[in-house]
Each structure stands twice: as C-alpha cells, then as structure tokens.
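Commentary on secondary and tertiary structure
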Amino acid sequence: MDNLKGGLLMVLAMLGFAIEDMFIKLLAGSLSVGAILVVLGLGGGVVFGALGLARGDRLWSRDLLHPMVLLRNGCEVLGTVGFVTAIALTPISSASAILQAIPLFVTAGAALFLGETVGWRRWVAVAVGFLGVLLILRPGLDAFEPASLFALQGAVFLAGRDLATRGVPPSVTSLQLSTYAFLVIVPTGAAVVAFTDQTFDVPHGGALVLAGLCVLTGVLAYYTIVAATRVGEVSFVSPFRYSRLVFALIVGVFVFGERPDVFVLAGSAIVVASGLYSFLRESRRRASLP
C-alpha cells in the first residue's frame with residue numbers, strides 16, 4: 001500500500017513539474033530567459049530559505065563551501081539555464097522528452113566517475129536511450145533545431161547535479177541545498193542579461209501572477225517528490241518519473257498547439273523504455289546483493 005501511495009505522489013509531483021514548465025514557457029512570452037532565471041532563483045531561494053529557518057536549519061554553514069556542494073551548484077546552474085532556455089525556445093514536448101534521459105546519464109556517470117558496477121545490459125540500455133535522444137534531435141537533418149541542444153545541456157548537467165549530490169556532506173540539509181541551488185541562479189540570470197542582448201523587465205500584472213504560480217508549483221512538486229521517496233521504495237516509485245513526459249505532451253498539444261512528429265514520439269518511447277529497463281536491472285542487482 002505504501003508503494004502505491006508513493007507512486008501516486010510521484011505522478012502528482014511530475015504533474016506539478018509539467019505545470020511549472022508550462023508557466024515558464026508562458027512567462028517567456030513577456031520576459032527574457034535571464035529575467036525568468038532571476039525571478040525563479042529569487043522566489044525559490046526565499047521560499048526554501050524560509051522553510052529551512054522554520055525547521056531550525058542555519059542559513060549559512062561552512063559545509064556549504066564543500067567542493068561537492070560547489071560542484072552540485074555549478075551543475076544546477078548550467079542544467080537550469082539549459083532547460084529553461086530550451087523550454088522558452090523549443091517545443092515543450094521535445095524538451096521534456098530529452099530531459100527524460102537524465103537517469104541514463106546518471107547511470108553512465110556513476111560507472112565512469114564513481115566506479116559503480118554497471119552490467120553490459122544496462123550499458124546497452126544507456127546506448128539505446130542515447131540513440132532515442134538523437135532521434136529527437138536529428139542533428140544534420142533539415143528538422144534539426146539547434147536550440148534543442150539546450151535541453152541536452154540541461155539533461156547532462158542535471159544528471160551531474162544528481163551525481164554530485166551523493167558526495168555532499170550529511171550535515172548539509174536538503175533545504176539548505178535547495179536554498180543555495182536556487183540563489184546561485186539569480187546572479188547567473190543577471191549575467192545572461194548583462195552579456196547578451198536580452199533585457200530585464202520586472203514582471204508585473206499577468207507576468208507577476210505567472211511567476212508566483214511557477215514558484216508555488218515548483219515548491220509543491222519538490223515536496224511531493226520528497227514525500228514519494230519517503231513513503232514508497234525508491235526502486236518502485238522512481239519509474240513513475242516518466243509520467244512527466246505524458247503531462248508535457250498533453251500541455252504541449254492542448255496549451256501551445258504543438259504537434260510532435262513521429263520521430264519525437266518514437267525517440268521519446270525509446271528513451272523511456274531504456275530508462276525503465278535500466279531501473280529494472282538495477283532493482284534486480286540490488287535484490288541479489290547479500
């Protein structure tokens with residue numbers, strides 16, 4: 001029963017993230033990418049900082065200067081910049097489809113950089129999943145959208161964030177990590193505005209409402225995903241992360257009028273199937289350990 005609750009919470013979290021992505025794309029109609037990053041970073045940092053203080057966490061700790069924390073924040077910045085840019089410039093359905101390759105990048109990175117054992121079957125799943133990403137991107141063909149590479153940037157560095165998180169000292173709480181991961185996005189967004197031809201417009205009216213809803217749904221989705229992993233077994237609830245793609249396709253079609261072609265749909269199916277198979281193999285491997 002706990003696993004079913006965990007799975008349902010994970011689906012709700014993915015729905016929340018899909019709605020957050022929708023708000024980001026709607027904001028892109030009135031704000032530049034740099035301005036969106038500043039708003040999201042400031043809003044998320046304030047909310048998570050307040051939640052941390054309410055729970056008794058300190059806002060500052062020397063452990064936040066630990067190399068793995070700094071590496072995690074760096075990956076968070078590059079991953080968020082990539083994905084937000086991809087959402088703003090490309091169809092939300094294809095950007096979300098590429099993002100589903102994160103678990104495959106984590107598997108490959110864990111083997112290459114952390115020395116984890118990955119069997120040949122999981123390596124095949126990783127390779128097939130990457131082929132699915134290439135099918136979505138279609139580099140070298142007329143349908144290739146160069147801005148889609150920002151989604152690939154997001155997937156690679158958000159996977160790096162997940163890998164770096166494993167080396168974060170236990171004394172650093174999740175709320176402290178989340179607070180500073182959001183806050184470092186603020187100067188990043190300002191730098192994007194300063195060093196490109198983008199402008200910074202303070203959100204007002206409808207844009208301000210969208211920004212508030214975006215931060216709210218993101219925070220709620222974050223808490224729901226934490227609850228999901230605490231209620232159910234991680235090996236059971238993790239595959240439900242792929243429901244985000246379903247919600248993204250629905251949002252893309254019905255809100256933005258997107259029409260994903262057969263290559264995007266086929267590539268998405270390959271990425272999801274590869275990820276699910278990798279989850280299955282990892283679950284079996286862990287079950288066989290003494």
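It should be noted that the structure appears before, not after, this text.
A brief structural summary. (Residues numbered from 1 in each chain as written. Predicted model: local features only at pLDDT ≥ 70, side-chain atom pairs only at ≥ 80, totals over all residues. Heavy atoms only, no water.)

1. What about the pattern of salt bridges?
Put simply, the test is: Salt bridges are defined as contacts in which a side-chain nitrogen from Lys or Arg sits within 4 Å of a carboxyl oxygen from Asp or Glu. Counting from the N terminus, the helices are DSSP H or I runs at least four residues long and the strands are E runs at least two residues long. Throughout, exposure labels follow a simple rule: accessible area from a 1.4 Å probe, protein chains only, divided by the maximum for the residue type, with under 20% read as buried, over 50% as exposed, and the rest as partly exposed.
Evaluated as defined, the whole model comprises six salt bridges. Where Arg244 meets Asp21, a salt bridge forms, and the shortest distance between an N and an O atom there is 2.8 Å. Of this pair, Arg244 sits in helix α12 (residues 243–254) while Asp21 is found in helix α1 (residues 2–27), placing the two residues 223 residues apart along the sequence. Judged by its relative accessible area of 2%, Asp21 is buried. Residue Arg72 pairs with Glu76 through a salt bridge whose shortest N-O separation is 3.6 Å. Of this pair, Arg72 and Glu76 both sit in helix α3 (residues 67–89), four residues apart, which is roughly one turn of that helix. Glu76 carries the same exposure label as Arg72, and that label is buried.

2. Thoughts on the packing of aromatic side chains
Selection criterion: Pairs were defined over the aromatic rings of Phe, Tyr and Trp, the Trp ring being its six-membered one, requiring ring centres within 6.5 Å. Orientation was assigned from the angle between planes: stacked under 30 degrees, edge-to-face over 60, tilted for the rest. Over a ring means this: the NZ of a Lys or the CZ of an Arg is within 6 Å of the ring centre and within 35 degrees of the ring normal.
If you walk through the whole model with that rule in mind, you get five aromatic pairs. Taking 5.4 Å as the distance between ring centres and 25 degrees as the angle between the ring planes, the aromatic pair formed by Phe48 and Phe182 counts as stacked. With a gap of 134 residues between them, Phe48 in helix α2 (residues 33–54) and Phe182 in helix α8 (residues 174–183) connect regions that are remote in the sequence. According to the relative accessible area criterion, Phe182 is partly exposed, its value standing at 25%. Residues Phe48 and Tyr222 carry aromatic rings whose centres are separated by 4.9 Å and whose planes lie at 80 degrees to one another, so their mutual orientation is edge-to-face. One end of the pair, Phe48, is in helix α2; the other, Tyr222, is in helix α10 (residues 206–231), with 174 residues separating them in the sequence. The class of Phe48 is buried, set by a relative accessible area of 1%. For Tyr222, a relative accessible area of 21% corresponds to the partly exposed category. Here the aromatic residues Phe48, Phe182, Tyr222 and Tyr223 are joined through ring pairs into a cluster of three or more. In this structure, Lys25 is placed above the aromatic ring of Phe256, and the distance from its NZ or CZ to the ring centre is 5.8 Å.

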